[in-house]
Protein chains: 2
Amino acid sequence: MRSLAPFLLALALSPTGAHALTPAEIVAAAPQSAWTDIPPEDLLVMDFGDGKRLVIQLAPDFSQAHVANIRRLAAAHWWDDTSIYRVQDNYVVQWGDRTEKKPLPANAAKTLPEDYSIVRKAVENRITTMPSQDSYASATGFLDGWPVAMNADTLWPVHCYGMVGAGRNLAPDAGNGAELYAVIGHAPRHLDRNIALVGRVIEGIENFSSLPRGTETLGMYGPNQTATPIQSVRLASEMPGETRPHFQMLDTRSRTFADYARARENRKDEFFNLPAGGADICNIPVPIRR
Amino acid sequence: MRSLAPFLLALALSPTGAHALTPAEIVAAAPQSAWTDIPPEDLLVMDFGDGKRLVIQLAPDFSQAHVANIRRLAAAHWWDDTSIYRVQDNYVVQWGDRTEKKPLPANAAKTLPEDYSIVRKAVENRITTMPSQDSYASATGFLDGWPVAMNADTLWPVHCYGMVGAGRNLAPDAGNGAELYAVIGHAPRHLDRNIALVGRVIEGIENFSSLPRGTETLGMYGPNQTATPIQSVRLASEMPGETRPHFQMLDTRSRTFADYARARENRKDEFFNLPAGGADICNIPVPIRR
C-alpha cells in the first residue's frame, strides 16, 4: 500500500533500522527553537533541608488569583517551616500549615472566588488539540504547555500526575493557595473544575510520591507519624542568579511536540508489538528540561 | 423537570439530607449477596519480614498459562529471598531475581506464548460495559471483577493502578511470570496487549508505591541503593487455615456495583460542585474487602 511508504521510510531511517523513534529520541532531537524558557517568576523551589529539592511550575493561564496569591505567600516565605502532613496513596500529597492557623501575610487574600475554567474562544488559536477520545470532555489538548480538556465554550486544566492544586473547604470556598496538593496517582479527573489547579511538579516529584502514606482518614498523618518538614519555598525570581534554576518546556505548538505526541499514541519502538492508536491526555506529559 | 425526580428523591434520602450517597457509602450498604469470595488459590501473599505484607489477586480469566506458572513458582517458594529491584516513578515496581539466573522449578515453563487478549464473544454475557468513552478502545467495562477494554472481537485486561504483569524481554518472548511488576502511577495503557497482565495488588500497595525510586535507567536500583528483600510469597491456599487471609470483591454485575460506578462517574457528594459525567475505567476501582 502506497500510503504506508512514509511510515516505512521512517522505519528505515530510525537509529537501529528496526524500529521507529521513541518519544524520548524525538525529544532529544528537538531543535533549540522548539524549547521555551519558563520564567523564573513561574518557578517555586521547595527545599527540604536535607539536600532534597522539588520544583513546581506555576500555571499563570489558569486560576490567576490563586497563582498571584501563591506568589505573595512565597515572597513572604510563608511556607518556611511548614510541612507535608497528608499523603494518600494513589491520590495526593498535601502541604502547608495543617492547623490552618498560621497567619497569612497582610497582602494575601484569605479567600478567593471559584475560577475553574476559562473561555475557550479567547485562547482558541493557542490550543493544540489531541485526537484521542476522552472519558471526561468533548476534547483534550494543550494550551501553552498545559494539559487541558474542553467543551464547546470553556477550557480547563486537568488533574494529571504531578499537577498541583489549591486545597479548599466546601464550596463556595475555593481555597487561597496556602494549602497545596500534588497528584501522586492515577489522574483524579473528577476533581477537574472542582478545585483550582495552579501548577505542576517539574522536578523532584519522587520527594512527594515516595513518602510514607498517612495512616489517618484521607491519608492524614497520624500521631505516630512525622510530617515531612519543609525548610523553604522560594520563587526562582527571588533567588540569586548563580543559584537560580533554569527550566525549559517543549513548545506544545511545535512540530517536535506533534511528533512526540504521535509517538506516545503509537509506540512502535522495539519493545511494543501493538501500538495503542491513542493516548489519554495524561499519558502525554509535556517534556521539561533543565 | 420530571425526569429529575428520582435524583432529587435520592438526595432527600441521603444521610445528611444535603447530598447524594458517596461511592464509599454505596459500597458500605451493599447486601452480602453482592460480594463474591476470592478463592485462596487466587491470592498471593507477599511478606517482607518486618511485619509488612502485600496481597495480590491473580486473574485466572486472562494469561492463563502465566497464572498457572505463577502458581507453580509460588508453590516452589521461588520468590523467597528475592527482592524488589526496580522502582520507576509514575510507572512500575518490579520484583523477582534481578540476575534472571535463579533456576526455575522443574515443573515451571521457561517461556510462554503471547496471550494478551481473549475472544469477546465467549464471555459476552459476563461483561458489564461502562458508558464513558475511552482513549484506547471502542469500549471498556468489567469482566468477573476485572477492568477490561474491548473492540468488536476481542477483550483484554487494562493497566490500571495496582495491576500486576509479567515482565518480558523483546517479543516474541512473553515472560514466564517470575519477574513481575505492579503499576504505581497513572495507568500506562499503552502496555495493554503488549504484556501479560496476571493480577492486581489488593492490599498493601503502599509497600510498593512508597519505596525509594531507583536511580538507574528505568528505575533500576543503583549500586548505592538497597533492593527491598522479599521474605516469602505464598498462595493463600497453601497457608494454614487460621493464618489464611480471606477477601471478597464486589460483584461487577451486581446492582450495588452499577450504583457505585454511577456515583464514581457523577460525584455529587457535598465536596463536588460539578459532577464529571463520566469516568475512565481506571477511576472505577473494584471494591475489595477482607
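Look up a bit, the structure's there.
Note that this is a predicted model, so its numbers are computed, not measured.

The rules behind the values
Residues numbered from 1 in each chain as written. Chains lettered and ligands numbered in written order. Predicted model: local features only at pLDDT ≥ 70, side-chain atom pairs only at ≥ 80, totals over all residues. Heavy atoms only, no water. Phe/Tyr/Trp six-rings, centres within 6.5 Å; stacked < 30°, edge-to-face > 60°. Helix = DSSP H or I, 4+ residues; strand = E, 2+ residues; numbered from the N terminus. Buried < 20%, exposed > 50% of the residue type's maximum accessible area, 1.4 Å probe, protein only. Lys NZ or Arg CZ within 6 Å of the ring centre and 35° of its normal. Disulfide = S-S within 2.5 Å. 1 Å grid on protein atoms, 1.4 Å probe; cavity = no way out; pocket = protein on both sides within 12 Å on 5 of 7 lines; lining within 4 Å. Points joined across faces, edges and corners; volume = space filled by probe spheres on them. Nonpolar A, V, L, I, M, F, W, Y, C, P; charged D, E, K, R; others polar. Salt bridge = Lys/Arg side-chain N within 4 Å of Asp/Glu carboxyl O.

## What about the packing of aromatic side chains?
This model, assessed by the stated rule, comprises 10 aromatic pairs over all chains. Aromatic side chains Phe-142 of chain A and Phe-257 of chain A sit 4.9 Å apart centroid to centroid with 75° between the ring planes, which places their arrangement in the edge-to-face category. Here Phe-142 of chain A, found in strand β8 (residues 139–143), pairs with Phe-257 of chain A, found in helix α5 (residues 255–265); they are 115 residues apart in sequence, far enough to count as distant. With respect to burial, Phe-142 of chain A and Phe-257 of chain A carry one shared label: buried. Taking the centre distance of 5.7 Å and the plane angle of 45° together, the rings of Phe-257 of chain B and Tyr-260 of chain B count as tilted. Here Tyr-260 of chain B and Phe-257 of chain B lie together in helix α5 (residues 255–265), a separation of 3 residues that amounts to about one turn. Accessibility assignment for this pair places Phe-257 of chain B and Tyr-260 of chain B in one class, buried. Members of the aromatic cluster, each reached through a chain of ring pairs, are Phe-142, Phe-257 and Tyr-260 of chain A. The lysine or arginine in question, Lys-102 of chain A, covers the ring of Trp-78 of chain A, its NZ or CZ lying 5.3 Å from the ring centre. Directly above the aromatic system of Trp-156 of chain A lies the positively charged group of Arg-193 of chain A, at a separation of 3.6 Å from the ring centroid.

## Describing the state of the cysteines
Residue and element names in this part refer to chain A. Under the defined criterion, the tally for this structure stands at 2 disulfides over all chains. One disulfide in the model links Cys-160 with Cys-282; its S-S distance is 2.1 Å. Judged by the sign of its S-S torsion, about -80°, the cystine formed by Cys-160 and Cys-282 is left-handed. With Cys-160 in the loop between β10 (154–157) and β11 (163–166) and Cys-282 in the loop between α5 and β17 (288–289), the pair connects residues that are 122 residues apart, well separated along the chain. The same class applies to Cys-160 and to Cys-282, which are both buried.

## Structural notes on empty space enclosed by the protein
A complete count under the given rule lists 7 cavities of 30 Å³ or more for this structure. Size it by volume and the largest cavity reaches roughly 110 Å³. Along its surface, the largest cavity is lined by 16 residues, and Ser-135 and Asp-280 of chain A together with Ser-135, His-186 and Asp-280 of chain B are the ones closest to its centre. Per-class residue counts for the lining of the largest cavity are 6 nonpolar, 4 polar and 6 charged. Of the volumes computed, that of the second largest cavity is approximately 70 Å³.

## Brief notes about the pattern of salt bridges
The tally for this structure, following the rule as stated, stands at 24 salt bridges over all chains. As a salt-bridge pair, Asp-89 of chain A and Arg-213 of chain A come within 2.7 Å of each other at their nearest N and O atoms. Taken together, the residues Asp-89 of chain A in the loop between β4 (83–87) and β5 (92–96) and Arg-213 of chain A in the loop between α4 (206–209) and β14 (228–229) connect sequence positions 124 residues apart. We classify Arg-213 of chain A as buried; its relative accessible area is 11%. In this structure, Arg-71 of chain B engages Asp-42 of chain B in a salt bridge whose closest nitrogen and oxygen atoms are separated by 2.7 Å. With Arg-71 of chain B in helix α3 (residues 64–75) and Asp-42 of chain B in the loop between β1 (35–37) and β2 (43–47), this pair connects stretches of sequence that are 29 residues apart.

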